[in-house]
Amino acid sequence: MSKAAQRKQFRQRQDSFSLAQFSAWNQALAAPLRQLLAQLPPQSTIAAYKARPREASLEEIFPSPYRFVFPKVLDQEGTMEFRWVSDGKFVPGPFGILEPSPEHTLVEKKDIQAAFIPLLAFDEQGGRLGYGKGFYDR
């Protein structure tokens, strides 16, 4: 099955679940994410993302001793940079996803110790199927 066909199938499946179900899953996800973060030194810089309504949310882990940075899309070719959002204020980006504004502090990718990457689905080996634009692949 092509990746495009897989994306279509998983988007349909994703849309079939209620927002209440996603909320329950996100609450259940919080404890394992905190355990994972506990393996990192405090003040580590971690790339994260602002979730869309039917996507794994990281909101439960943001109040923590870590420095979370978020992607800012720079162009349609998939160039992104990461910025530290210390004030909790985000703006809609070109794809409607909340992202930092240009006024937020730029963080070099080399300074990021860990990253949470959004995905549409994953396989049994942990391989990621993204949304098809290749932003994180670059």
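Refer to the structure above for everything that follows.
Source: prediction; values computed, not measured. (Residues numbered from 1 in each chain as written. Predicted model: local features only at pLDDT ≥ 70, side-chain atom pairs only at ≥ 80, totals over all residues. Heavy atoms only, no water.)

(A) Inspection of the packing of aromatic side chains at higher detail. For the structure shown, the criterion picks out six aromatic pairs. Here Phe17 and Phe22 contribute two aromatic rings whose centre-to-centre distance is 6.3 Å and whose plane-to-plane angle is 75°, an arrangement assigned as edge-to-face. For Phe17, a relative accessible area of 28% translates into the label partly exposed. When the centroid spacing of 4.9 Å and the interplanar angle of 75° are considered together, the rings of Phe17 and Trp25 count as edge-to-face. Exposure remark for Trp25: the relative accessible area of 39% places this residue in the partly exposed category. Following the ring pairs from residue to residue traces out a cluster consisting of Phe62, Phe68, Phe70 and Phe90. (Phe/Tyr/Trp six-rings, centres within 6.5 Å; stacked < 30°, edge-to-face > 60°. Buried < 20%, exposed > 50% of the residue type's maximum accessible area, 1.4 Å probe, protein only.)

(B) Expanded view of the side chain of Lys50. Mapped onto the elements of the fold, Lys50 is located in the loop between strand S1 (45-47) and strand S2 (67-73). Polar contacts involving the side chain of Lys50 include one to the side chain of Glu59, which spans 2.6 Å. When sequence neighbours within four positions are dropped, the list of residues in contact with Lys50 reads Glu55, Glu59, Phe62, Phe70, Phe90, Ile97 and Leu98. (Helix = DSSP H or I, 4+ residues; strand = E, 2+ residues; numbered from the N terminus. Polar contact = N/O pair within 3.5 Å; in protein donor to acceptor, adjacent residues only side chain to side chain. Contact = heavy atoms within 4.5 Å.)

(C) Molecular detail of the sheet that holds S1. Strand order in the open sheet formed by five strands is S6-S3-S2-S1-S7, and the pairing between neighbours is mixed. Bordering the open sheet on either side are strand S6 (105-107) and strand S7 (114-115), each of which pairs with just one other strand. Where strand S3 (residues 80-84) and S6 come together, three bridges link them in antiparallel fashion. If you follow Arg83 over to S6, its bridge partner there is Leu106. (Pairing = 2+ DSSP bridges.)

(D) Here's a closer look at the pattern of salt bridges. Within this structure, the stated rule accounts for five salt bridges. With a shortest N-O distance of 3.0 Å, Glu99 and Lys72 are connected by a salt bridge. Of this pair, Glu99 sits in strand S5 (residues 98-99) while Lys72 sits in strand S2; the two residues are 27 residues apart in sequence, bridging distant segments of the chain. Just as Glu99 is buried, Lys72 falls in that class too. Where Asp111 meets Lys110, a salt bridge forms, and the shortest distance between an N and an O atom there is 3.3 Å. With relative accessibility at 33%, the residue Asp111 sits in the partly exposed group. (Salt bridge = Lys/Arg side-chain N within 4 Å of Asp/Glu carboxyl O.)

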